[in-house]
Amino acid sequence: MPSVEAAAASGFAVVDVEATGSSSRRHRVVEVAVVLLGPDLAPEGEFSTLVDPLGPVGPTHIHGIEPAHLSGAPHFAGIAGRLLALLRGRVLVGHNVGCDRAFLAAEYARIGIRLPAVPELCTMQMAAAYATGDTYGLSLRACARALGLGGEVPHTALGDARTAAALFGHFVAETGTVGAESAVRALRERLSQAAEVRWPEAGGLPRPADALWKRRSNVSPGQYVPNVRHGSA
């Protein structure tokens, strides 16, 4: 795996959201997860929570979340400060990451916070560049199957974030095997850019250490980010 340790940023945040529908303007986040990776892609921790959307939960047949699962789940404002602290200084990574970012930006806008533009890396675009999806398509599940990755529960935010992190690691490793020095240089540049982004203060929101979260019971535990109270659904 090519090293990107020289950059002065704090690494990568692999994100995934489950939502009540497909429109970030009309629908709400119902679950969010972040897998934290260091500049060298070493795992640093995970954060995941169900989120009360203050309305219908949307397509249960896809994400598996029922209204009863959200008993005790925080509103987005309850985790917003914690999430800002996790994303700060990191490159945003995801499978179709622009969609995940749009939902997060819309949720922050609803509580009066502007999510800054941050460097992004999309594993779907990486899969297209490496022709991973030629046989199965470019969905997260298809790409993982094509590469022999998997084992996570699909359409759970944490399961999908873990799978996207595994894809990301695979593609970064590929940049070394094919000698794509320009791709490694691009990673370093994004890390440096992420370190310079100015993030908003989360005044009036729960402090990061006090943020509540509630994860699903059907997702295996991992290395969770410390100082967070948690439950299960």
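What this report covers is the structure whose coordinates are included nearby.

### Topic: the pairing of strand β3 (residues 43-50)
Of all the eight residues making up β3, six are buried; the element is thus mostly covered by neighbouring parts of the structure. The pairing of strand β2 (residues 29-37) with β3 spans seven bridges and is antiparallel. Directly across from V34, in β3, lies its bridge partner F47.

### A few points about the nonpolar core
If you look at the biggest cluster of nonpolar residues, it comprises 30 residues, and the most contacted ones within it are V32, F76, L83, L87 and Y108. Mapped onto this core, the elements with two or more residues apiece are β1 (12-19), β2, α2 (76-87) and α3 (97-110). Ranked by residue count, the leading element in this core is α2, at seven residues. Residues contacting L87, with those up to four places away along its chain left out, are A13, V15, V34, L92 and W199. If you look at the next biggest cluster of nonpolar residues, it comprises 25 residues, including M126, A127, L140 and A161.

### A look at the pairing of strand β4 (residues 91-94)
Consecutive residues of a regular strand have side chains that alternate between opposite faces of the sheet. Side chains V91 and V93 of β4 all project onto a buried face; the interleaved residues L92 and G94 project onto the opposite face, where all are buried too. Pairing of β1 with β4 involves three bridges; the strand directions are parallel. Counterpart to F12 in the pairing with β4 is V91. Inspection of the sheet shows β4 paired to strand β5 (residues 120-122) by three bridges, in the parallel sense. Note that in β5 the partner of V93 across the bridge is L121.

### Observations concerning the environment of H155
Examined against the element boundaries, H155 turns out to sit in the loop between α5 (140-146) and α6 (157-177). The exposure class of H155 is partly exposed, given its relative accessible area of 39%.

### Quick word on α2
Buried residues dominate α2, accounting for 10 of its 12 residues. All of the buried residues in α2 are F76, G78, I79, A80, G81, R82, L83, L84, L86 and L87. Looking one or two residues past α2, G89 carries a phi angle of roughly 80°, positive in sign.

Thresholds, definitions, all that
- Residues numbered from 1 in each chain as written.
- Predicted model: local features only at pLDDT ≥ 70, side-chain atom pairs only at ≥ 80, totals over all residues.
- Heavy atoms only, no water.
- Buried < 20%, exposed > 50% of the residue type's maximum accessible area, 1.4 Å probe, protein only.
- Helix = DSSP H or I, 4+ residues; strand = E, 2+ residues; numbered from the N terminus.
- Pairing = 2+ DSSP bridges.
- Core = buried A, V, L, I, M, F, W, Y, C linked by side-chain atoms within 4.5 Å.
- Contact = heavy atoms within 4.5 Å.

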